[in-house]
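Structural features, examined
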Amino acid sequence: MSIAIAIDGPAGAGKSSLSKAVAKELSFIYVDTGALYRTIGLSALRKGFDKNDTEQIVEMLNGIDVNLAFNDEGTQIVLLNGEDVSSYIRTPEVSMFASSVSAIPEVRGFLLDLQRGMAKKNNVIMDGRDIGTVVLPQAKIKIFLTASPETRAMRRYKENLEKGINCKYEDVLKDVNDRDFADSHREIAPLKPAKDSIIVDTSEYDFEGSKQLLLKVIKENM
Ligand code: DC
């Protein structure tokens, strides 16, 4: 039987980078489910749809194929109709589209089998918003990884500056708060800790400290 570790939590808590690092340490496959919602968001954006046009987006699902693959380094790539779109899904515009499409029940249903299939075949660390609550409710370990909005905004702000992206801290903080609100107030699969999840708050830790904390929690509960 394969082992699943679910890691949920708000945007910017460090879920992706920490899950990736911890998966490497444990020789598990890391599955970033946000990339799947981003891929559907990208598809809608490319077609010129309004991000709130649910009808058009649901209809679009009949004509698209979304899949996951892994490159030689074990890094996940997302495929939209066979095209590797991994490098197009991280823009702020795609983030907003991803947030909108993720509130559509048909979109969530469309991605469910793909996510469950990955966990059936492999030992996975899967990160997202509803992995412990909806996708893998029987996961061996469920972690809700979080940090204060200010900490998460400051991390993202610094990342942007390092990448040469000019921005104001206040705008990044507003973006973090807006996405938190949208992700936790939607009717379907709202962001919330599973009843049996372990809350891990990384506000006081740097990357290495957060990684060690996460590994400790996982090993204690394995
Ligand atoms: O983790 P991320 O920022 O890449 O996620 C992109 C969007 O997808 C975000 O608005 C939340 C949504 N999402 C979701 O609803 N369920 C998941 N399992 C993963 C992401």
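Everything discussed here concerns the structure shown above.
Residues numbered from 1 in each chain as written. Predicted model: local features only at pLDDT ≥ 70, side-chain atom pairs only at ≥ 80, totals over all residues. Heavy atoms only, no water.

Summing up its helical and strand segments, the protein chain has 9 helices and 8 strands in all. Taken over the C-alpha trace, the protein chain has a radius of gyration of 17 Å; the compact-globule value for 222 residues is 17 Å, and the two agree within 12%. Projected onto the principal axes, the alpha-carbon positions of the protein chain cover approximately 45 × 45 × 35 Å. In the protein chain, which comprises 222 residues, the share counted as buried stands at 48%. For the protein chain, the computed accessible surface area is about 11400 Å², with 51% contributed by carbon and sulfur atoms. Here the protein chain contributes 29 positively and 33 negatively charged side chains, and the mean placements of these two sets differ by 4 Å. (Helix = DSSP H or I, 4+ residues; strand = E, 2+ residues; numbered from the N terminus. Rg over C-alpha atoms; globule rule 2.2 N^0.38 Å. Buried < 20%, exposed > 50% of the residue type's maximum accessible area, 1.4 Å probe, protein only. Areas by Shrake-Rupley, 256 points an atom, 1.4 Å probe, with all protein chains shown as cover. Lys, Arg positive; Asp, Glu negative; His and termini not counted. Charge placed at Lys NZ, Arg CZ, Asp CG, Glu CD.)

Here we take up the pairing of strand β7 (residues 141-146). Successive residues of a regular strand alternate their side chains across the two faces of the sheet. Of all 6 residues that make up β7, 6 are buried, and the element is covered over most of its length. Here β7 shows two buried faces, one formed by Ile 141, Ile 143 and Leu 145 and the other by Lys 142, Phe 144 and Thr 146. Of the pairings in the sheet, the one linking strand β1 (residues 4-8) to β7 comprises 4 bridges and is parallel in character. Paired with Asp 8 across the bridge in β7 is Phe 144. One ladder, built from 4 bridges, connects β7 with strand β8 (residues 198-201); its direction is parallel. The residue of β8 that forms the bridge with Ile 143 is Ile 198. (Pairing = 2+ DSSP bridges.)

Look at helix α2 (residues 34-46) against helix α4 (residues 92-101): their axes get within 7 Å of each other, and the N-to-C directions meet at 105°. The angle between α2 and α4 falls in the class roughly perpendicular. The segment α2 lies against α4, with Tyr 37, Arg 38, Ile 40, Gly 41, Leu 42, Ala 44 and Leu 45 engaging Glu 93, Val 94, Ser 95, Phe 97, Ala 98 and Val 101. (Axes fitted to C-alpha atoms, helices over the stretch in contact; angles between N-to-C directions. Parallel < 35°, antiparallel > 145°, perpendicular 65-115°, else oblique. Contact = heavy atoms within 4.5 Å.)

Right, let's get into the site of the ligand. Contacts to the ligand come from 16 residues, most closely from Arg 38, Arg 108, Arg 129, Arg 179 and Arg 186. In the model, an oxygen atom of the ligand is placed 3.4 Å from a nitrogen or oxygen of the Asp 183 side chain. Protein chains bury 95% of the 450 Å² of accessible surface belonging to the ligand in isolation. Among the elements of the structure, α2, α4 and α8 (169-185) are those that each provide at least two residues to the shell around the ligand. Sort the elements by how many residues they give to the shell around the ligand and α2 lands first, with 3 residues. (Near = heavy atom within 4 Å. Polar contact = N/O pair within 3.5 Å; in protein donor to acceptor, adjacent residues only side chain to side chain.)

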